[in-house]
Amino acid sequence: MRPDLEAIRNAARAAASELTGKSIKDSQKLVSSGLIDSLAVLKLISLLERKLNIVIRPEMLQPEDFDDVALIVETIERVGKSVK
Amino acid sequence: MAFNSLTYLGFLLVVVMAYWLLPTGWRRSLVMAASVAFYSSWNVLFLWAPLMVAAVVFVCGKYIQANPSTSRKWLLTGIAILLALLVLFKYRVFVATNLSYFGIASKRGSFSPAASLVFPVGISFYTFEAIAYLMDVRQGRVRIPSFVDLCLFFFFWPNILSGPIVRARELMPQLRFEKIFEPRFVFEGCDRIVWGLVQKNVIANVLGIWVDRGFGGQPIATFSTVDGWFLAIAFGLQVYFDFAGYTNLAIGTARLIGIVLPENFRHPYHAASPADFWSRWHMTLSRWIRDYLFFPMNAKWEGAPLPLHLSLIGAMALVGLWHGAGWGFLLWGTMHGVYLAVYRMYESLRRGGLPAKGPGLLAGGLRVVTLVAVAAAWVPFRAPSLAQAGSILGAMFSRFTWRPEYSGLFYGVTVAVALFAAVEPLVMRALAEVDEEAAATGLSMFRIVVRPVAYLCGLTLFLLFDQNNSQFIYSQF
């Protein structure tokens, strides 16, 4: 079953905080501010996959799709697929 | 028609005045005509090149968006055709360059306008824009517009020569030309143009006199340590002010007609690490490499350490080759790839793989090491042969002699420009603050008197330093 929006948002906040070691606000820019780089985005993707039990196809993505919590939620809505 | 010529400034004045005076509906035609005229002024025979690139993107893009199941095939077909065109032209330059190694010609180091006869100017830049366009279409970020709109995107004269490398989603919406005239377009555009002219003609060209002499005439194995370092630093400063000057002229030109192009530089010699350097130097190329090469590659390998480091070095070697099919460029790119890989290893040992600024002494040391490494890499980038690059690098790092060969003026000018590069962010920030205050209080003294006087001084300097060596370094790429 596909996770709901609130679950995705919570997972996005938790994954970004875990990765940066800081508490991340929803409006905080992650990639464009230099807080995380493209490799950290790959780690963020695998964290999200694990937390939400989904598969994300990175070939359709760019690092800026993960620039803040709202964008992460939108991206997962767009390309995330539940693991069967 | 080089950006830093009176002919171009006259052309720009006419086009910008016509743009704002003509009815809005005529703007697209005017910009298209101006763009074609501008590109033709470089070499009318190669007018077909951007046209063909637009046609490839149009046809393949249409197929990509029509059917998701065959989109990958059409994406690869499009990229293959675009790269084939680029490779064809780059290999011609490579052959010419290698002939020069045998003494038949020595053109690579001279940045002569003759280079524009060898391949269509700007092809490296608009090919990368085209690949990004196709990938963005496949990812559902943009749609393929009409063929005329696509031509307008690729021919757009402010950035066709040497970037900034724009994405369709940031430029296409602006090419509707719907903005109403605002005085700030003129202020912002002229600020960039005048400063760009000074950066290129006054700072870069003056340094270029000694750099050309050092890399061009001196027999190898005669460089002293002090001269090797000064030459590397002087070229590093020359190429920065040259390319930043060009970029300011491109951004300023677009700004005059209300268009915003992305920034390309953010004080690169203030970088805290090799990774930070690439977030400040040629930012639109770095962004392209990250989004369309490095990220998809590593997404496939899920960031595993060995493929990661090899892909970093490989991607940067390709960046080097993108500049020109010469061994020096390849070495420059590979050196940066190694710097980035070593920095990654250092970071993952220190902080679990996350980029972060270190405290105090460590951070300061990393800044110095970064500057030294960047300066060293400029040597093969500029040297006309690997033998000369090896000789200069040898003098810099192992064969220590302290006999200065140049006039005191060279060392003095290099130190002065380096000091200016060091305080440049402070100067720019102070000027921006004054400008903001002036904008808040309406037409203040700054806007009425200081700015026009600064423009006058800048243009006077540009005219005084107007020289035959007007070719921008990056326009040969």
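1. Details of the overall build of chain A
The helix and strand tally for chain A stands at 3 helices and 2 strands. Ordered by position in the sequence, the α and β elements of chain A form the string α-α-β-α-β. Here the C-alpha atoms of chain A give a radius of gyration of 11 Å, agreeing with the 12 Å that 2.2 N^0.38 yields for 84 residues. In terms of its C-alpha atoms, chain A occupies a principal-axis envelope of roughly 35 × 25 × 15 Å. Put simply, chain A has 84 residues, and 49% of those count as buried. Put simply, 61% of the contacts in chain A that link residues at least 6 apart link residues at least 24 apart. Within the structure as shown, chain A displays about 4200 Å² of accessible surface, and the carbon and sulfur contribution to it stands at 53%.

2. Topic: the interface of chain A and chain B
Bring the parts together and some accessible area is lost; that lost area is often taken as the interface size. Taken together, the contact pairs 22 residues of chain A with 21 residues of chain B. When chain A packs against chain B, close to 1800 Å² is buried across both sides, 53% of that on carbon and sulfur atoms. The largest contributions to the chain A side of the interface with chain B come from L39, M60 and Q62 of chain A, which together make up 32% of the buried area. A salt bridge links D37 of chain A to R344 of chain B; its shortest N-O distance comes to 2.5 Å. Taken together, chain A and chain B are joined by 9 residue pairs in polar contact (both at pLDDT 80 or more). Ranked by residue count, the leading element in the side of chain A that touches chain B is helix α2 (residues 38-52) of chain A, at 7 residues. Looking at the side of chain A that touches chain B residue by residue, the class counts come to 12 nonpolar, 3 polar and 7 charged.

3. Description of the nonpolar core
Counting residues in hydrophobic clusters, the biggest one holds 173 residues, and the most contacted among them are L48 of chain A together with F38, Y133, F154, W157 and W281 of chain B. Setting aside its immediate chain neighbours within four residues, F38 of chain B contacts M1, F3, Y8, F11, W157, I160 and L161 of chain B.

4. Notes on a nonpolar patch on the surface
Taken together, the side chains of V423, L426, V427 and L431 of chain B present a nonpolar region at the surface, about 320 Å² in accessible area. Looking at where L426 of chain B falls in the secondary structure, it is placed in helix α18 (residues 408-440).

5. Comments concerning empty space enclosed by the protein
Residue and element names in this part refer to chain B. Evaluation of the coordinates by the stated rule reveals 2 cavities of 30 Å³ or more. Here the largest cavity defines a volume of roughly 50 Å³. Around the largest cavity, the lining residues are A132, I165, V166, R167, T284, R287, W288, D291 and Y292. Residue contributions to the lining of the largest cavity peak at 5 residues, all from helix α13 (residues 283-301). In the lining of the largest cavity, the residues fall into 5 nonpolar, 1 polar and 3 charged.

6. Digging into the layout of surface pockets
Empty space within the second largest pocket amounts to approximately 1300 Å³. Of the residues assigned to the lining of the second largest pocket, the class counts are 24 nonpolar, 6 polar and 12 charged.

7. A look at the pattern of salt bridges
Residue and element names in this part refer to chain B. Following the criterion strictly, the structure yields 22 salt bridges over all chains and no others. Between E263 and R192 there is a salt bridge; the shortest N-O distance is 2.4 Å. Of this pair, E263 sits in the loop between α11 (225-256) and α12 (274-278) while R192 is found in helix α10 (residues 183-216), placing the two residues 71 residues apart along the sequence. Overall, the relative accessible area of 36% leaves E263 in the partly exposed class. Residue classification places R192 among the partly exposed positions, given a relative accessible area of 22%. Two residues, D212 and R382, come together in a salt bridge whose shortest N-O distance is 2.7 Å.

8. Regarding the confidence of the model for chain B
Confidence in the prediction for chain B averages 86 pLDDT; 87% of positions are at 70 or higher. Reported for the predicted complex are a pTM of 0.87 and an ipTM of 0.84.

Calculation rules
Residues numbered from 1 in each chain as written. Chains lettered and ligands numbered in written order. Predicted model: local features only at pLDDT ≥ 70, side-chain atom pairs only at ≥ 80, totals over all residues. Heavy atoms only, no water. Helix = DSSP H or I, 4+ residues; strand = E, 2+ residues; numbered from the N terminus. Rg over C-alpha atoms; globule rule 2.2 N^0.38 Å. Buried < 20%, exposed > 50% of the residue type's maximum accessible area, 1.4 Å probe, protein only. Contact = heavy atoms within 4.5 Å. Areas by Shrake-Rupley, 256 points an atom, 1.4 Å probe, with all protein chains shown as cover. Buried area = accessible area lost by both parts, 1.4 Å probe. Salt bridge = Lys/Arg side-chain N within 4 Å of Asp/Glu carboxyl O. Polar contact = N/O pair within 3.5 Å; in protein donor to acceptor, adjacent residues only side chain to side chain. Nonpolar A, V, L, I, M, F, W, Y, C, P; charged D, E, K, R; others polar. Core = buried A, V, L, I, M, F, W, Y, C linked by side-chain atoms within 4.5 Å. Patch = residues over 30% accessible without salt bridge, like charges linked within 9 Å, V, L, I, M, F, W, Y side chains within 5 Å. 1 Å grid on protein atoms, 1.4 Å probe; cavity = no way out; pocket = protein on both sides within 12 Å on 5 of 7 lines; lining within 4 Å. Points joined across faces, edges and corners; volume = space filled by probe spheres on them. pLDDT = per-residue confidence, 0-100.

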